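Structure at a glance
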Amino acid sequence: MQPTTRQLLQKGFYRFKVGRFECISVSDGSYDYDPKLMFSGLPEDKVKELLHHHHIPLDKLTSPYTFLFVDTGEHKILADMGAGTLGPNTGKLVHNLKLAGIRPEDVDTVIITHAHPDHIGGTLNEEGKPNYPNARYIMWKVEWDFWFSEEASKKVDAHLSKIVPTEIFMKIAHGQLGPIKDRIEFITKEIEILPGVLLHFAPGHTPGHMAISFSSEGEELFFTSDTVVFPFLLERPDLVMVFDMMPDIAADSRRKICDLVVERKALVHAQHFPPFPSLGHIIKKDKGWQWKPIELE
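In short, a report on the structure. Since this is a predicted model, take the numbers as computed values, not measurements.

**Structural notes on the pattern of salt bridges**
Opposite charge on two side chains makes pairing possible when the charged atoms of those side chains draw close. Under the defined criterion, the tally for this structure stands at 13 salt bridges. Between K48 and E44 there is a salt bridge; the shortest N-O distance is 3.4 Å. Of this pair, K48 and E44 both sit in helix α2 (residues 44-53), four residues apart, which is roughly one turn of that helix. We classify K48 as partly exposed; its relative accessible area is 36%. A residue is classified by how much of its surface remains accessible, and E44, at 51% relative accessible area, is exposed. For the salt bridge of E105 with R103, the shortest nitrogen-to-oxygen distance reads 3.6 Å. Because the salt bridges share partners, they merge into one network encompassing R103, E105 and D106.

**Quick word on the packing of aromatic side chains**
Applying the stated criterion across every chain, the model contains 14 aromatic pairs. With 4.0 Å between their ring centres and 15° between their planes, W144 and F148 make a pair best called stacked. Seen from their ring centres, F146 and W147 are 5.1 Å apart, and the 80° between their planes marks the pair as edge-to-face. Each residue in the set Y31, Y33, F39, Y65, F230, F232 and F243 is aromatic and connected to the rest through ring pairs, giving one cluster.

**Some remarks on the nonpolar core**
The biggest cluster of nonpolar side chains holds 74 residues, and the ones touching the most others in it are Y132, W147, F230 and F243. Here this core takes five residues from helix α7 (residues 166-177), the largest share from any one element. The contacts of F230, once residues within four sequence positions are left out, are Y33, M38, L61, S63, M241, F243, H272 and F273. Judged by nonpolar contacts, the second largest core, of 26 residues, contains I77, I111, I187 and L279.

**Points about empty space enclosed by the protein**
Evaluation of the coordinates by the stated rule reveals two cavities of 30 Å³ or more. For the largest cavity, the calculated volume is near 140 Å³. In terms of lining residues, the largest cavity is bounded by 16 residues, among which Y33, Y65, H116, D118 and F243 are the most central. Elements represented by at least two residues in the lining of the largest cavity include exactly β2 (21-33), β3 (61-71) and α4 (117-120). Each pocket or cavity is described by its volume, and for the second largest cavity that value is around 40 Å³.

What counts, and at which threshold
Residues numbered from 1 in each chain as written. Predicted model: local features only at pLDDT ≥ 70, side-chain atom pairs only at ≥ 80, totals over all residues. Heavy atoms only, no water. Salt bridge = Lys/Arg side-chain N within 4 Å of Asp/Glu carboxyl O. Helix = DSSP H or I, 4+ residues; strand = E, 2+ residues; numbered from the N terminus. Buried < 20%, exposed > 50% of the residue type's maximum accessible area, 1.4 Å probe, protein only. Phe/Tyr/Trp six-rings, centres within 6.5 Å; stacked < 30°, edge-to-face > 60°. Core = buried A, V, L, I, M, F, W, Y, C linked by side-chain atoms within 4.5 Å. Contact = heavy atoms within 4.5 Å. 1 Å grid on protein atoms, 1.4 Å probe; cavity = no way out; pocket = protein on both sides within 12 Å on 5 of 7 lines; lining within 4 Å. Points joined across faces, edges and corners; volume = space filled by probe spheres on them.

Written out as structure tokens, the structure is:
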């Protein structure tokens, strides 16, 4: 009998395979957002109507923070590093990796999809040392350049300060990534960084946001990161979210990645999509798409 979502969350991880790749969805916890603050340019009555239609409470949208570990047989890869101490229910990634039998020092590759706090807040431990001390880190160069520029604070203030204070974004980006700069390999084009591991440029959510595909023995998994932040946005591609710092470009990236996974019938790991383990398929529906989570019971 397959485990239930509740049982999996208590366990903290979920194992699955993509071809010969051994994969694990790992929970870092969750974060509660005020859903009424998430939409740009949408009247309050329309926001309430949208939330009601998708059975989302008006006062709280609980987002899972789910991360991905992949063992290719030759490399042990982690996609993003968790939120650290961002919220009262975050920072569980290292602990849950250990529960799954993965030692942080065995991770040899960390792919940083983008530098929002919930994706890089767990870069360092309490002593200021890397949680993954033996890893090479991979990041899009334009992403690094943005967060370490004067423009970043202005952009965050304009788009994201209602969700999380601007100074937290900047403090985490500089404080967590600065100490590992010498370990980061900056990329400037879509590339297969390891056999079967391809990086896809998907900017808009942030200037250097990326998705990752893992391919083995004819099977494929897409780690979409924040290309789409919540599942109901698949059905409403016209909505503009405050999270997307470059909305028009984000919409283009969303269509590119979603159409690609539909065409390839790929399994999708969508970090903020409930239920845990945030795995499923994206299918075409009308002018947008729809989320179909894997069946666990």
